[in-house]
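Each chain, letter by letter, is given below.
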Amino acid sequence: MDMLAIANLQKRFGDKSVLKGLDLSVPEHSVFGFIGKNGAGKTTTMKTILGLLKADGGEILVSGEKVVYGQTATNRHIGYLPDVPEFYPFMTAPEYLSFCGEITGMSRIEIKSRSNELLKLVGLGNEKHRIKGFSRGMKQRLGIAQALLNRPKLLICDEPTSALDPVGRKEILDILMAVREQTTVLFSTHILSDVERICTDVAFLNDGVVNIQGKLSDIKSQYRTEEYVLETGNEEELKLLMNVFAGLKKSGMNTASFRENDHTLFDILRFVTDNRIRLLKIERVEPTLETLFMEVVEK
Amino acid sequence: MKSLLAFMKKEWMEQVRSGRLLILVIIFILLGIMNPAVAKLTPWLLEMMADSLEASGMTVTAVTVSALDSWVQFFKNAPMGLIAFILLESSIFTKEYQSGTLVLALTKGLDRHKVVISKAIILTLFWTVCYWFCFTITFGYNTYFWDNSIAQNLFFSVICWWLFGLLVVALTVLFSTLSNSNTGVLAGTGCTVLVSYLIGLIPKAKEYLPTLLMDGNSLIYGTVEARSYVTAIYITVLLSVVCLAISFPVFNKKYL
Ligand SMILES: Nc1ncnc2c1ncn2[C@@H]1O[C@H](COP(=O)(O)OP(=O)(O)OP(=O)(O)O)[C@@H](O)[C@H]1O
Ligand SMILES: [Mg+2]
């Protein structure tokens, strides 16, 4: 069963239509990357899932239960990390976690052990100060800790790595990857390397709808381009090649790329051997999410 | 129930750590001391100024003050206490809207109505404690200096004023759910009280209005009977309940 299923979700702000019939299904135990450019509506979608925004149309099911605006019953399944998490500045991190734990009805012993464990996990184990003095990255870490506190079935993170340094980013990604055993993770981002690092599934949000979604590996093979790059020993050799093969596009001092349907790989290789051109490299280009993203956005 | 307590604990922590509770207590202690002090000092002040007053043609006869003068001060200063209270506490909801701190608590499954209940309880509790603290101090001094028994309907009159304060607290809660800004809360609450006061200038309407409850002087001097306040009391209590009752559905639909 899908942990989260969204059907035909619509949302307008005034006369501006942000979500125009968005469909999304997040399978259980996946790490789901939700990709879209600034202002695409990622945050809007997440807030609607949490019942913080009222949808203009469509339906959202969390673990099979319908989400109703204002009534937050489905939220007991969800751990949420907002894009800019805001905490009570007069509390310390452990105090905040115990506040959250009491709200969700955890037992005192459980709160204590779980918050110790989580604070250590996110690297705030020795932080005794009040949240007032926390940096953005520290707040992000505390945000992850509070989201994981009651072992949610679905973890929703809105750009969890945006405020973090490279080390912190890796740590947080590792955490998200590690919790996959127990929960399903949905996170939004525009850092595509993060997605490639940890996601099992992705969805691209563009112009109010999800254009592409599915297993990351499936999507990659589906969009595999027939593009190659080659690198020769020097510029003259490249020129020689380019004179014969008009479809070669120069992309560097002595590198060029071509598509399989312009020239076959074998023709080029034959020419290379016949003319004894020194070939430093020839490789097939793997589609990156970046090229995919560009394709989706430009369509 | 547990989540309600957790949220109230958070409110309490906030009031204590931000120093608001301390400021409130100090204000109400000062007011409590000021009431008898001003009454006590009046004859002395008049004596001091007697010479200059006589020079301008006024004759000063010896004034004797009683507990009544101190209670008159009490009812004069009570609005100041209430205004200070509302100024300090009017941001109890709006600060959370502006900083977005409620989002995480609500997405943790905290029922929205518990937010309203917690804050309403805290406000009611604080108003009650501060007000009666102030009263007790004045009462204590009055007993020491004079005799409280000459004030008629004393307890009834201070209870009336306390009830009026409760209505203002309820209005604050209601306008806090309607408005997103501190100014909106203050304006809404202030205007409602002002409207009640203005309508009260019409003699026939007076006995139905909550602002009548602020007139403690008439009660302690015995110029009116306690019975004539009963209608206003019912209306005040009813209005307070209605205000709170409206706050819940409004807050449930609020965009945070
Ligand atoms: N409360 C609001 N009132 C009016 N318009 C809004 C509101 N919230 C969002 N929008 C609009 O909806 C669109 C989507 O915003 P959203 O925050 O969901 O984008 P996003 O995908 O999260 O972007 P980012 O990557 O910058 O976080 C934006 O164009 C924004 O202007
Ligand atoms: Mg966003």
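Check the entry above for the structure.
Described in the following lines is the structure provided in the data block. (Residues numbered from 1 in each chain as written. Chains lettered and ligands numbered in written order. Predicted model: local features only at pLDDT ≥ 70, side-chain atom pairs only at ≥ 80, totals over all residues. Heavy atoms only, no water.)

1. Focus: the overall build of chain B
Okay, so step 1: Per the secondary structure count, chain B includes 11 helices and 0 strands.
Okay, so step 2: Along its sequence from the N terminus, chain B presents helices and strands in the succession α-α-α-α-α-α-α-α-α-α-α.
Okay, so step 3: With the principal axes as the frame, chain B shows a C-alpha extent of 70 × 45 × 35 Å.
Okay, so step 4: Taking all 256 residues of chain B together, the buried fraction comes to 47%.
Okay, so step 5: Taking all contacts inside chain B whose residues are at least 6 apart in sequence as the whole, residues at least 24 apart take part in 80%.
Okay, so step 6: A total of about 12,200 Å² of accessible surface is found on chain B, and carbon and sulfur atoms cover 73% of it.
Okay, so step 7: Computed over 17 positive and 13 negative side-chain charges, the inter-centroid distance for chain B is 19 Å. (Helix = DSSP H or I, 4+ residues; strand = E, 2+ residues; numbered from the N terminus. Buried < 20%, exposed > 50% of the residue type's maximum accessible area, 1.4 Å probe, protein only. Contact = heavy atoms within 4.5 Å. Areas by Shrake-Rupley, 256 points an atom, 1.4 Å probe, with all protein chains shown as cover. Lys, Arg positive; Asp, Glu negative; His and termini not counted. Charge placed at Lys NZ, Arg CZ, Asp CG, Glu CD.)

2. Points about a nonpolar patch on the surface
Residues and elements named next belong to chain B.
Okay, so step 1: A contiguous nonpolar surface patch, about 520 Å² in accessible area, is contributed by Leu41, Trp44, Leu45, Met48 and Met49.
Okay, so step 2: With respect to the element layout, methionine 48 can be found in helix 2 (residues 20–55).
Okay, so step 3: The exposure class assigned to methionine 48 is exposed, which follows from its relative accessible area of 56%. (Patch = residues over 30% accessible without salt bridge, like charges linked within 9 Å, V, L, I, M, F, W, Y side chains within 5 Å. Salt bridge = Lys/Arg side-chain N within 4 Å of Asp/Glu carboxyl O.)

3. With respect to the site of ligand 1
Okay, so step 1: The full set close to ligand 1 counts 14 residues, and Lys16, Gly39, Lys42, Thr43 and Thr44 of chain A are the nearest of them.
Okay, so step 2: Site remark: ligand 1 is flanked by residues from chains A and B.
Okay, so step 3: For ligand 1, an oxygen atom lies 3.2 Å from a polar atom in the backbone of alanine 40 of chain A.
Okay, so step 4: At a separation of 2.5 Å, an oxygen atom of ligand 1 approaches a polar side-chain atom of threonine 43 of chain A.
Okay, so step 5: Within the complex, 66% of the 640 Å² of free accessible area of ligand 1 lies under protein.
Okay, so step 6: At the level of secondary structure, the elements contributing two or more residues to the shell around ligand 1 comprise strand 2 (16–27) and helix 1 (42–49) of chain A.
Okay, so step 7: It is helix 1 of chain A that contributes the most residues to the shell around ligand 1, 3 residues altogether.
Okay, so step 8: Its residues assigned to classes, the shell around ligand 1 shows 4 nonpolar, 6 polar and 4 charged. (Near = heavy atom within 4 Å. Polar contact = N/O pair within 3.5 Å; in protein donor to acceptor, adjacent residues only side chain to side chain. Nonpolar A, V, L, I, M, F, W, Y, C, P; charged D, E, K, R; others polar.)

4. Considerations on the sheet that holds strand 1 (residues 2–13) of chain A
Residue and element names in this part refer to chain A.
Okay, so step 1: Strand order in the open sheet made by the 4 strands is 2-1-4-5, with antiparallel pairing throughout. The open sheet terminates on both sides in strands that have one partner only, identified here as strand 2 and strand 5 (65–66).
Okay, so step 2: In the sheet, strand 1 pairs with strand 2 via 9 bridges, with the strands oriented antiparallel. Pairing of glutamine 10 across the sheet is with lysine 20, part of strand 2. (Pairing = 2+ DSSP bridges.)

5. Focus: the sheet that holds strand 12 (residues 249–250) of chain A
All names here are of chain A.
Okay, so step 1: In spatial order, the strands read 12-13-11-14; together these 4 strands make up an open sheet with antiparallel pairing. Every interior strand has two partners, whereas the edge strands, strand 12 and strand 14 (279–284), have only one.
Okay, so step 2: Direction of pairing for strand 12 relative to strand 13 (residues 255–259): antiparallel, over a ladder of 2 bridges. Considered in strand 13, the bridge of lysine 250 is made with alanine 256.
Okay, so step 3: Relative to strand 11 (residues 227–232), helix 8 (residues 235–244) is tilted by about 135°, and along the sheet it contacts strand 11, strand 12 and strand 13.
Okay, so step 4: Lying on the sheet, helix 9 (residues 265–274) is in contact with strand 11, strand 13 and strand 14; it crosses strand 14 at an angle near 175°. (Axes fitted to C-alpha atoms, helices over the stretch in contact; angles between N-to-C directions.)

6. A few points about the interface of chain B and chain A
Okay, so step 1: Contact residues are listed per partner, giving 27 residues for chain B and 31 residues for chain A.
Okay, so step 2: When chain B packs against chain A, close to 2,700 Å² is buried across both sides, 59% of that on carbon and sulfur atoms.
Okay, so step 3: Inspection of the region where chain B meets chain A yields 2 salt bridges.
Okay, so step 4: With its nearest N and O atoms 2.9 Å apart, the salt bridge here joins glutamate 95 of chain A to arginine 17 of chain B.
Okay, so step 5: Viewed at the interface, chain A and chain B are joined by 8 residue pairs in polar contact (both at pLDDT 80 or more).
Okay, so step 6: Listing elements by their share of the side of chain B that touches chain A, those giving two or more residues are helix 1 (2–17), helix 4 (91–99) and helix 5 (102–107) of chain B.
Okay, so step 7: Among the elements that make up the side of chain B that touches chain A, the one with the highest residue count is helix 1 of chain B (9 residues). (Buried area = accessible area lost by both parts, 1.4 Å probe.)

7. Regarding helix 10 (residues 289–298) of chain A
Residues and elements named next belong to chain A.
Okay, so step 1: Buried within helix 10 are the following residues: Leu289, Leu292, Phe293 and Val296. Here the buried residues of helix 10 occupy an arc of 100° about the axis, which is enough to place them on one side.
Okay, so step 2: Its buried side turned inward, helix 10 meets strand 3 (31–35), helix 6 (192–198), strand 9 (201–206), strand 10 (209–215) and helix 7 (216–222). (Arc of directions from axis to C-beta.)

8. Description of the nonpolar core
Okay, so step 1: Ranked by internal contacts, the top residues of the largest apolar core, which has 108 residues, are Tyr96, Phe99, Leu142 and Phe204 of chain A together with Phe85, Leu102 and Trp127 of chain B.
Okay, so step 2: Each of domain 1 (2–214) and domain 2 (227–298) of chain A accounts for three or more of the residues forming this core. (Core = buried A, V, L, I, M, F, W, Y, C linked by side-chain atoms within 4.5 Å. Domains from an automatic or database assignment.)

9. A look at the pairing of strand 3 of chain A
Residue and element names in this part refer to chain A.
Okay, so step 1: Of all 5 residues making up strand 3, 5 are buried, and the element is well covered by its neighbours.
Okay, so step 2: Here strand 3 shows a buried face lined by Val31, Gly33 and Ile35 and a second buried face lined by Phe32 and Phe34.
Okay, so step 3: Here 5 bridges tie strand 3 to strand 8 (residues 184–189), and the two strands are oriented parallel to one another. Within strand 8, the position partnered with phenylalanine 34 by the bridge is serine 188.

10. Some words on the pattern of salt bridges
Okay, so step 1: Throughout the structure, instances matching the rule amount to 22 salt bridges over all chains.
Okay, so step 2: For glutamate 237 of chain A, the salt bridge identified is with arginine 278 of chain A, shortest N-O distance 3.5 Å. With a gap of 41 residues between them, glutamate 237 of chain A in helix 8 and arginine 278 of chain A in the loop between helix 9 and strand 14 connect regions that are remote in the sequence.
Okay, so step 3: Judged by its relative accessible area of 13%, glutamate 237 of chain A falls in the buried class.
Okay, so step 4: We note a salt bridge from glutamate 14 of chain B to lysine 95 of chain B, for which the minimum N-O separation is 3.0 Å.

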